Every structure is written in structure tokens, then in C-alpha cells.
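Results of the structural survey
One-letter residues, chain by chain:
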Amino acid sequence: MAEAADFQGTLPSAARRWLRRTGALIAAVPLLAGVVQLPAGPAAAQTAAQAPVQTAQADATGSRTVDVSLNSLSPTAPVDGDTLTVSGTVTNNGKQTITDAQVDLRVGPRLDTRSAIDAAAQRNGYQPGSDGLTVGGKYIQKFSKLAPGGTQNFSVSVPVKELNLSTYGVYQLGVSLTGDTAAQPYPTVLGIERSFLPWQPEASDARTKTTFLWPLISTTHLTAETGSDEQQTRVFEDDELAKEIGPGGRLQQMLSLGSALDVTWVLDPDLLATVDAMTRNYWIKSQDTLVAGKNQAVANQWLNDLEKAVQGKKVVALPFADPDLASLAHNGKNISGSLSHLKAATDVATDTVETVLHVTPTTDFAWPMNGAVDPSIVDVATSAGADTVIARSDSMRESSALPYTPSAARPIGGGTRAVVADARLSTAFQGDMTRAEDSTLAVQEFLAQSLMVTLQDPAEQRSIVVAPQRMPTASQAQAMAQAIRTLSDGRWTQAQDLTTAAKVKPDPRATTHVPSARSYPASLRKQELTVAAFEKVKETQAKLDSFKVILSFPDRVVTPFGRAIDRSMSTSWRGHAAEGYAFRTSVTTHLTGLTQSVQLIDKSDAQLSGRSAVIPVTVKNGLLQGVDHLTLRLTSKKPSRFKIGNGVYQELPVKVSGGHSQSFKFETTANVNGLADVVAQLYTEDGTPYGREMPFQVQVNEVTPTVMLVIAGGMLLLVLAGFRMYQQRKRAAARQAEQEGTDDPEDSAGAALDLPDGAPGAPGRSGDDLSISDRPEGESGAGSGEHDPEQPSDPTPDTVAESTDPSGTGERVDR
């Protein structure tokens, strides 16, 4: 931007206006210094009394008293028979009223070199002889008076034949105001503005082939976040892009103007992808909520118009998100993986442009910031497949012995070419172009420099390239378009595309030397992405690489985050370091949140009673897609005391559906009682730990008090059951003895116990005391039925063998 003023005498309009106004203050310094240094005494007092008058006279008589603004000049490059009309305003910045004022046009001398144009543009104040003579006659505009602070509009029209333009070339054109003041009551030039008038009414013999790049690039608007729906609805940081592509917006103006011009379109595929996302449902961040975007129609219209505009035109696609090549070269190439992002960004560029615009772009060109290059930038720029670097002539400077501007194309070694854009023409429209005066002066200076290139060597046709600022404002684009329209009649230039310009036969006298790193502008280096920025990119990529391998549908994550990483390295972050840092941090934070959605559920310490048990560990998947290719490892820190599986650890494959949790069971064996430290950890298939590890403890007790109580209770039940059986048999024996006349119930009981099965009178064979459990299998008797009371001595039903299936998802440890 502003650093362009440091090279080859090139000054943007805003800088030129600043110098002119500053010159007025500098000119006043000697006068003020003289007042301060006056000697003391009566003479000094008298002179001091006159000082205000002298200052007023200086203000009134200086040629900077009146500010002359040249707001319109038409036609910008006249031909025979045209009438030149110059319009603008004059403002009295002095302290005295100006009388008998008139506005004149002045045609200065014909300029012979590009440096002469630079010098004339920088000159301040009126200089007799250098600013030419007035046209005079009726081609003036008069004002009876112009009060201090007053402003008047003017418009002067003069036939071109009255300007005495003889030889083809560039002429200085001045607009001056002459008038009288009380301090100087005679005609004096009180203000002047200079511009340039290119005079080439007929086509040149060897017109200069001119390539004008027309960049469609914006800042980053998309976040890495997507909606949870199947379409993965995109989330925007803001809705500012809708303003840019909407009616009157910057990008809408660029598209509308460029569609009528013969230019080479330079596109950032990220812009196309972002606008394409706006054609569908999208969300906008608004504080802590998301608001539905409503500019689908605007996005569709812009893309449709762009698709029509680029048909049949040359389209150059930059790597996705326009990565900062110089920052990569100076601060990122030593960070592992950084250069691979440039290759990925280049690969996706073609697919994006073809998908959205249905045209095939060229990706052969790399465009470092402001065309500033050094060997490392060239190496990085061509590492992703580009074979041509768009440099600028204020970086690759020509030898002072070369009296003309050479063609842009030239080899720079290693099979790499450079297309060296002309610095004066490329920076002509930088600065604020919202004021009509700045725009008019920029257009006229651009045209003058363009014609001078042709006139430098009119017998030899050359090829030049104009590479303007990456993101022109709407007013800058309008000024650029006006200049290109003037050139379109082909009197001294001929349009050509960038690919053709890169293949032009190089001028053997043109420089092929790439400047050293020490020559790289300090102002640009201060704006570069830092090493820390590329470290953050590396961190994010590592998280993504670890995350994608476990996903059932990795593209749903890899694509949005891969493009977000590209945006993290965008050239658009220059001058916006804080915003760039916030964006990179948000990408990493969001990805971290997703990776943590797959995790181990915290487990409390477990109690183990017995020598072996099954320990469950639960994995939670909070994602909307399934996870696979994971391994869950449970490791014993004290394998001599507590084994997992058959040794130190056991691994189980993990596969969990989206939105679910699942427990995985591990067989364990305890050798001794006591505490055992255990660690659960997820791993990817290549053995990389995934997420945090989960430690817990297992308390091993071979026979616990609870188990003892259960055993004691069982023994007591057996004793009671045996005692009851004895009492029943004793009563049965007593009844039998009574029937047979036996006096000793003990003997009868003993006899009864010795009776063979099935014998008459055997216990349980008579009476209602027979229970179902006492009968032979298949036999029933009186009183049997489903409502018979169960006896304490009845044996319990057999149970199935102890289950070996995995236990539930709770913290209970199954044996």
C-alpha cells in the first residue's frame, strides 16, 4: 500500500496530495523563523508590529492560497475534433478576499520520460516556465470575488485544436486561479492543480500489449463450524459478505465493472465457496446465538452474473484462501507440515472453480503480497505446482542503464518464470478514491504513464502487466475501469491475458535477478504471520489427523476443518493480527470440543471380592456419526498383584454409534488382597493415544465380611431344615408305633427310616402329610396340588450355570 511510495518515485494520489499540502507548511517555516530571530529593541518592536501584516500578505500572495480541485476531465484522452472540458472547485484558504479572479487552463511542456511525469506530479506551487502558458481567450471562467473560506465551482471547455498539441505524447495540463488581493492588487497566480493529457489521436505502429489483473478476493467470513443436519449447514462469522456482493457493494461493483472489460480474472476459490454456501441455508453468529441468514437470493444472483462474465475469459485461480506466501517463506516453512497446506490449497482450487463457475482455471501463477519477492518466497511459491511468480518492478528493479520499460515475462532460474508487473501502473489507484479529484488525477496519471511506455521505444512492441491491490474498494474499481475503458480503443495499447503475457519472449536486457531477503520491504515484513501462527496451524492439523481416523464419515469433518486451516494462513490477515489470532484459536477450540465428544466416562474405584472378576469401562460418543478404528486398553500398574486379561493389559476394539455410549468388559484376576492401580486409555489404530487417560483403583478382597454372612446364613438354614426333617420323621414313627402297639417311638422311627422305598408304611406313603417333593418322580397322591404349602425342607430349583456375559454399564463389578 503506502510502501509503494518508497519505490521508483511512485506516489499514490493520496500521498501526492499530502506532500503538496505539507509543502505549504514547509514554505512558511523560513518566514516564521525570521520573525523569531529578529533582534531586540525599538526596531524589533516595530518589525514585530508589522509581522501580522507580512504573514497575511504571504498567505494572500502565495500560489497555494487557493486550493484548486480538478474533479472531472473529459475526454480523458482526446482525439482531433474533441472538446476538452475541465470541471472542479476553487476554495480560498487565505485571509483576504480575492477579486477579479479567473480560472485558466495551462498546457505545459511535452514530457519525455516516465520520471518527468513523476516529477511533475510531485511539484508544489506555481513555477513560471514549468507550468506552461494559459490558453486564454474565451476559454476561462471569471469570479468577481472569492471571500476567505469561500468555494466556487468552475467548468472550462476548450476545443482540442486550441491547445496547440503538436507532437504525439504526454502533456502537462494545469488549472490555475489568478486574482487580486488587497496586499497584492495585481493579477497573481494564487492556486494551481496539475494533471496530464495523453495525446495519441491515431494508433501507434507498435502498440503495447497490456494485461490488467482483475482480482475478486475478500476476507474470511466462514467459520469451521457446521450444523448438525445432513447438509452440514455452514456457520458465518458475520453477514458482511452479503453487503459486498449486494447492490452497490464492493464485489458487486467489481463484477459489474469487470464484466464489460477485457481483463484477466484472478479469483480466490474461498470467495466462491463462501458465496456458494450462502446460496443455501446458513447461520450467522450473533453474540451467543445463531441467526438464520437471509441473503440466498443475493448470493445466487452474484454467482450467476460471475459465471456469465468469465465465460470465454482467462481465469486464474489462486490457492484456496489466498495463503500468505511471504509469511510461509519467512516464518512457516520450518514448521513441519506448513508447506503441505499450500499444496492442498492449490489442489482444491481447480475443483472449487469448476464446480461453482463451470470453467477451468489456470493455477500456474503465484502472487506474493504486493509482488515483493526474494529467493525463499520464489521457492515456496512454486513448491505447490505454480511455475510463474507475479512480481513487481519495485521489487525486481531494472538497471538504470535500461532506457525503456521491458516486457514483463522473464526467466528467473530453475525453470521458474516471473511476470514483473509495472509498479507505477499497478499502484496508480491506491489510496482514497472516493473524492472525485483523486480519482480524476489517478486516471490521468495512469494513462500518461501507459502512453509513455509505448513512446519509450515506439518501434518495438512490448508486453506489460498491471497487478493492482488485492482488494480494491468500489471507488478504486471505478477509477480502474475508467482508465481501462480509455485504453480499450487501442490507440497505444492492446489487451492480452496473463497466460499469454507469461509466454512472451523475454527481453534479454531485462533483469532476471531475484533480490535478496535483505531487500524485502520492512513494512511488509511487519505485517507477516508469525511463527506462533504457524505453530497453531500445526497444532490444529495434528488434532485433525488424530480425529479423522476414528470417524465413520471423516469427510464431514476433514473438509470444513481443512479449509479453515487454509483460511488461517490467508494473506487477508495482514494488518489484522488480532483478528487472525482469534480465528485460528476458534478453529482449534471447536475441533478440540469435537474430539472430546468421544471419551471415557469417569469411573469410580471398584471393589473386587474373589480372585477373578469382569470390570466394565464405558466409552461415550457424543458425535452425530459413528466412531471406529479405536482400541480401548486397560492396563494394570501392579501386574504381580492384579492382572488384566492374561497379563499387564488387555485391548478391546471400540465401535460406537453416533449419540450412544457402550461398555466394554475386561477379565481380571487378583493374586493378593489390596489396592490395584488401573488405567484405561483409548488408542487409534496406529497406537497413538486418543483423549485423556482414565486412572482408577480396584480394592481386592478374597473373602469379605458380606460373603461370610451369606455363608453363615446358608449353614443356619441347612441346620434348621435338618432339624425339621428329623421332627417330621419322629412324628411319623410315633404314629406308626401307636398303630402297631410299639411303645418306643425311637425304635419305630429307626425302623421307619430303614424301610425300603415303596414298602407299605414307609415314611411319606400315607396320610395328607405327604409332600410333592417326597413322592417319586411322576407320582401324585391325595392332597397333592398347586396350592399345597411349600415345606422348608423342599429343595430349591436348580439354577443355570453362572453367566459369563458382560455386565451392565454401571460401576458394579461382576465376578
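Predicted, not measured: the structure shown is a model, and the values here were computed from it.

1. Remarks on the confidence of the model for the protein chain
A residue-level look at the protein chain finds 82% of positions with pLDDT of 70 or above and a mean pLDDT of 84. Low pLDDT, under 50, characterises residues 1-60; the stretch is placed with 79 contacts to residues that sit more than four places away or in other chains. Counted against residues more than four places away or in other chains, residues 742-815, with its pLDDT under 50, gives 80 contacts.

2. Some details on the nonpolar core
Ranked by size, the top nonpolar core spans 73 residues in total, and within it Leu632, Phe642 and Val698 carry the most contacts. If near-sequence neighbours (up to four positions away) are discounted, Phe642 is found in contact with Leu608, Ile615, Ser636, Thr668, Thr669, Ala670, Ala676, Val678, Val698 and Val700. Grouped together as the second largest cluster of nonpolar side chains are 65 residues, Leu306, Ala317, Ala448 and Ala477 included.

3. Here's the deal with the pairing of strand β19 (residues 416-421)
Working note: regular strand, side chains alternate between the two faces of the sheet. Across the six residues of β19, five count as buried, placing the element largely inside the fold. Sheet topology places strand β17 (residues 388-392) next to β19; five bridges connect them, and they run parallel. By the bridge assignment for β19, Thr388 is matched with Arg417. Judged from the four bridges that link them, strand β18 (residues 409-413) and β19 form a sheet pairing that is antiparallel. Looking at the pairing, Pro411 lines up with Arg417 of β19. Between β18 and β19, which follow one another and run antiparallel, lie two residues, and Gly414 among them has a positive phi close to 70°.

4. Comments concerning the sheet that holds strand β13 (residues 282-286)
One open sheet holds the four strands; their spatial order is β10-β11-β13-β14, and the pairing between them is mixed. A single partner strand is all that each edge strand has here, and the edge strands are β10 (222-226) and β14 (289-292). Taken over all neighbouring pairs, the strand axes of this sheet differ in orientation by 40° on average, direction set aside. As paired elements, β13 and β14 share four bridges and run antiparallel to each other.

5. Things to note about the side chain of Ser407
By the secondary structure assignment, Ser407 is in the loop between β17 and β18. Setting aside residues no more than four positions away along its own chain, Ser407 makes contact with Arg462, Ser463 and Val504.

6. Quick word on a nonpolar patch on the surface
On the surface, Leu716, Leu717 and Leu720 cluster together to form a nonpolar patch covering roughly 320 Å² of accessible area. Tracing the chain through its elements places Leu720 in helix α19 (residues 705-740).

7. Looking at the packing of helix α5 (residues 250-258) against helix α7 (residues 296-310)
Interhelical geometry of α5 versus α7 gives an angle of 30° and a closest axis separation of 10 Å. Classed by the angle they form, the pair α5 and α7 counts as roughly parallel. α7 is crossed by α5, and the crossing has left-handed handedness. Residue-level contacts link Leu251, Gln252 and Leu255 of α5 to Trp302, Asp305, Leu306 and Ala309 of α7. A per-class count over the contact of α5 with α7 returns five nonpolar, one polar and one charged.

8. With respect to the environment of Val275
Here Val275 lies in helix α6 (residues 269-278). For Val275, a relative accessible area of 0% translates into the label buried. Between the alpha carbons of Val275 and Val356 there is a distance of 9.5 Å; along the sequence they are 81 residues apart. Val275 has contacts with Leu241, Ile245, Ala299, Trp302 and Leu303, leaving out every residue within four places of it along the chain.

9. A word on helix α13 (residues 474-487)
Here α13 is 14 residues long and its end C-alpha atoms lie 20 Å apart, about the 20 Å a rise of 1.5 Å per residue gives. With 10 of its 14 residues buried, α13 lies for the most part within the structure. Those residues of α13 that fall on the buried side of the exposure criterion are Ser475, Gln476, Ala477, Ala479, Met480, Ala481, Ala483, Ile484, Thr486 and Leu487. Residues of α13 that are buried make contact with β9 (208-216), α5, α12 (436-456) and β21 (493-495).

10. Description of the packing of aromatic side chains
The tally for this structure, following the rule as stated, stands at five aromatic pairs. Ring plane angle 55° and centroid distance 4.9 Å describe the contact between Phe236 and Tyr282, whose orientation is recorded as tilted. Remark: Tyr282 occurs in strand β13 and Phe236 occurs in strand β11 (residues 234-236); sequence separation between them is 46 residues. Owing to a relative accessible area of 0%, Phe236 belongs among the buried residues under this scheme. Among the residues examined, Tyr282 registers a relative accessible area of 1% and is labelled buried. Taken together through their ring pairs, the aromatic side chains of Phe212, Trp214, Phe429 and Phe446 make up a single cluster. Over the ring of Phe320 we find Arg563, and its NZ or CZ is 5.5 Å from the ring centre. Here the guanidinium or amino end of Lys603 rests over the ring plane of Phe696, the centre of that ring lying 5.7 Å away.

11. Points about the packing of α6 against α7
Direction vectors running N to C along α6 and α7 enclose 135°, while the axes themselves pass 7 Å from each other. Overall, the two elements α6 and α7 adopt an arrangement that is oblique. For the pair α6 and α7, the sense of crossing is left-handed. Residues Leu271, Leu272, Val275, Asp276 and Met278 of α6 touch α7, and the partners they reach there are Gln296, Ala299, Trp302, Leu303 and Leu306.

12. Brief notes about unusual backbone geometry
Each neighbour pair has its own omega, and for Ser74 with Pro75 the value is -5°, a cis peptide bond. Phi angles above zero are rare outside glycine, and Gln287 is one such case at about 55°. Here Gln287 lies in the loop between β13 and β14. A positive phi angle is found at His629, which is not glycine, with a value near 60°. Following the sequence through the fold, His629 ends up in strand β25 (residues 627-636). A residue is classified by how much of its surface remains accessible, and His629, at 34% relative accessible area, is partly exposed.

Scoring rules and cut-offs
- Residues numbered from 1 in each chain as written.
- Predicted model: local features only at pLDDT ≥ 70, side-chain atom pairs only at ≥ 80, totals over all residues.
- Heavy atoms only, no water.
- pLDDT = per-residue confidence, 0-100.
- Contact = heavy atoms within 4.5 Å.
- Core = buried A, V, L, I, M, F, W, Y, C linked by side-chain atoms within 4.5 Å.
- Buried < 20%, exposed > 50% of the residue type's maximum accessible area, 1.4 Å probe, protein only.
- Helix = DSSP H or I, 4+ residues; strand = E, 2+ residues; numbered from the N terminus.
- Pairing = 2+ DSSP bridges.
- Axes fitted to C-alpha atoms, helices over the stretch in contact; angles between N-to-C directions.
- Patch = residues over 30% accessible without salt bridge, like charges linked within 9 Å, V, L, I, M, F, W, Y side chains within 5 Å.
- Areas by Shrake-Rupley, 256 points an atom, 1.4 Å probe, with all protein chains shown as cover.
- Salt bridge = Lys/Arg side-chain N within 4 Å of Asp/Glu carboxyl O.
- Parallel < 35°, antiparallel > 145°, perpendicular 65-115°, else oblique.
- Left-handed = near helix turned anticlockwise from the far one by under 90°.
- Nonpolar A, V, L, I, M, F, W, Y, C, P; charged D, E, K, R; others polar.
- Expected span 1.5 Å × (residues − 1).
- Phe/Tyr/Trp six-rings, centres within 6.5 Å; stacked < 30°, edge-to-face > 60°.
- Lys NZ or Arg CZ within 6 Å of the ring centre and 35° of its normal.

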